[in-house]
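# Structure at a glance
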Amino acid sequence: VRSEPGNLVYSPYSISLAFAMAYAGARAETAAQMADVLHYDLQPERFHPAFNALDQDLARRPDQAAGVDKKDRFQLSIANALWGQAGWSFLPEYLDLVALNYGAGMHLLDFEKAPENARRQINDWVSDQTRKRIQDIIPAGLLDPSTRLVLANAIYFKATWEDEFDHDATEDAPFTLLGGDQVKVPMMSQAHARTFAYAAGDGWQAVALPYKGGLSEMLVVLPDEGTFDTFESAMDAERYLGIISD
């Protein structure tokens, strides 16, 4: 839960991966409840290889970019890791499963005697995996001597616009906050003869800004003025897919 104002960035794929690794160790009622809430409809023997196949497919995407120099290909790296209490008995079958299907190796730490040192090591790993963009994923005090296992996922994405913004065209312009106040922010702008994918629906507008290579894009959705809370609360998978198809 976000406790401070500001921008929020999160990765649904990372959340899904973390739950999938936890699901790999669940059994009986716990496993059934997780599958129900998360809409897992494959049996475990097919479920985890499916995640593995998706991960490998995503890893190949940058090299599949058409007509783009290697230096301009988008960068996408996804890493998983287990951080467990040294001396704790983890089932070898579980460790083998997550290593094979999620590439997640086990790192042993001493949460019992040194939880703060363990926190720093996990944060350093995430920082390295995200080119130092995420440095304190685990805040102070979150881990304690009772911690036995931490599942960590780090995702890094960087890409170049298909139509790059001219730095000289960036100017300070008013941006309206949810409360109605305005602040000045550096606002990028561009005008091109080409056409961007655009759609408008009941209470919203959307535009897709492609990255070089044609395999990724940024989708920007703008609700009508004064309707943000209503629009956000009504956003679900069906509406999201509808915006994309439009």
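Scroll up to find the structure this text is about.
Residues numbered from 1 in each chain as written. Predicted model: local features only at pLDDT ≥ 70, side-chain atom pairs only at ≥ 80, totals over all residues. Heavy atoms only, no water.

### As for the overall build of the protein
Helix and strand counts for the protein come out as seven helices and eight strands. On the principal axes, the C-alpha backbone points of the protein span a range of 60 × 40 × 40 Å. Expressed as a percentage of its 246 residues, the buried residues of the protein come to 29%. Intrachain contacts of the protein at a sequence separation of at least 6 include 57% that bridge at least 24 residues. As displayed, the protein has an accessible area near 16,500 Å², and 53% of this comes from carbon and sulfur atoms. Averaging the coordinates of the 20 positive side-chain charges in the protein and doing the same for the 36 negative ones gives two points 8 Å apart. (Helix = DSSP H or I, 4+ residues; strand = E, 2+ residues; numbered from the N terminus. Buried < 20%, exposed > 50% of the residue type's maximum accessible area, 1.4 Å probe, protein only. Contact = heavy atoms within 4.5 Å. Areas by Shrake-Rupley, 256 points an atom, 1.4 Å probe, with all protein chains shown as cover. Lys, Arg positive; Asp, Glu negative; His and termini not counted. Charge placed at Lys NZ, Arg CZ, Asp CG, Glu CD.)

### Considering empty space enclosed by the protein
Following the criterion strictly, the structure yields one cavity of 30 Å³ or more and no others. Of the pockets and cavities examined, the largest cavity occupies roughly 40 Å³. Forming the walls of the largest cavity are Trp-161, Glu-162, Asp-163, Phe-165, Gln-190, Phe-196, Leu-209 and Pro-210. The residue inventory of the lining of the largest cavity, partitioned by class, reads five nonpolar, one polar and two charged. (1 Å grid on protein atoms, 1.4 Å probe; cavity = no way out; pocket = protein on both sides within 12 Å on 5 of 7 lines; lining within 4 Å. Points joined across faces, edges and corners; volume = space filled by probe spheres on them. Nonpolar A, V, L, I, M, F, W, Y, C, P; charged D, E, K, R; others polar.)

### A closer look at the layout of surface pockets
Gaps left between atoms are located by rolling a probe of water-molecule size over the structure's atoms. Taken as a whole, the second largest pocket encloses approximately 270 Å³ of empty space. Along the wall of the second largest pocket there are 13 residues; nearest its centre are Gly-25, Phe-90, Leu-91, Tyr-94 and Leu-149. A per-element tally of the lining of the second largest pocket places helix H4 (residues 92-102) first, with three residues.

### Notes on the pattern of salt bridges
Once the charged atoms of two side chains with opposite charge are near each other, the side chains can pair. By the definition in use, this model includes six salt bridges. With its nearest N and O atoms 2.8 Å apart, the salt bridge here joins Arg-148 to Glu-112. Of this pair, Arg-148 sits in the loop between helix H5 (115-129) and strand S3 (149-158) while Glu-112 sits in the loop between strand S2 (105-109) and H5, and the two are 36 residues apart along the sequence. On the basis of relative accessible area, Arg-148 is assigned to the partly exposed category, the value being 22%. (Salt bridge = Lys/Arg side-chain N within 4 Å of Asp/Glu carboxyl O.)

### Looking at helix H1 (residues 12-23)
Over its twelve residues, H1 extends 16 Å from the first C-alpha to the last, a length consistent with the 16 Å expected when each residue adds 1.5 Å. Those residues of H1 that fall on the buried side of the exposure criterion are Tyr-13, Ser-14, Leu-17, Ala-20, Met-21 and Tyr-23. (Expected span 1.5 Å × (residues − 1).)

### A few points about helix H3 (residues 44-60)
For H3, spanning 17 residues, the distance from its first C-alpha to its last is 25 Å, which sits close to the expected 24 Å at 1.5 Å a residue. Looking at H3, one finds that the buried residues are Phe-47, His-48, Phe-51, Asn-52 and Leu-58. Taken around the axis of H3, the buried residues stretch over an arc of 135 degrees, which confines them to a single face. Opposite its buried face, H3 presents the exposed residues Glu-45 and Arg-46, each directed more than 90 degrees away. Each element contacted by the buried residues of H3 is listed here: H1, strand S1 (75-85) and H4. (Arc of directions from axis to C-beta.)

### Points about the packing of aromatic side chains
Overall, the coordinates contain ten aromatic pairs when judged by the stated rule. Residues Tyr-23 and Phe-47 carry aromatic rings whose centres are separated by 5.3 Å and whose planes lie at 75 degrees to one another, so their mutual orientation is edge-to-face. Taken as a pair, Tyr-23 in helix H1 and Phe-47 in helix H3 lie far apart in primary sequence, 24 residues in all. The exposure class of Tyr-23 is buried, given its relative accessible area of 8%. In this structure Phe-47 comes out as buried when scored by relative accessible area, which is 5%. With 4.4 Å between their ring centres and 50 degrees between their planes, Tyr-40 and Phe-47 make a pair best called tilted. Linked through ring pairs, Tyr-23, Tyr-40, Phe-47, Phe-51 and Tyr-102 together constitute an aromatic cluster. Positioned above the aromatic ring of Tyr-156, the side-chain terminus of Arg-131 is 4.2 Å from the ring centre. (Phe/Tyr/Trp six-rings, centres within 6.5 Å; stacked < 30°, edge-to-face > 60°. Lys NZ or Arg CZ within 6 Å of the ring centre and 35° of its normal.)

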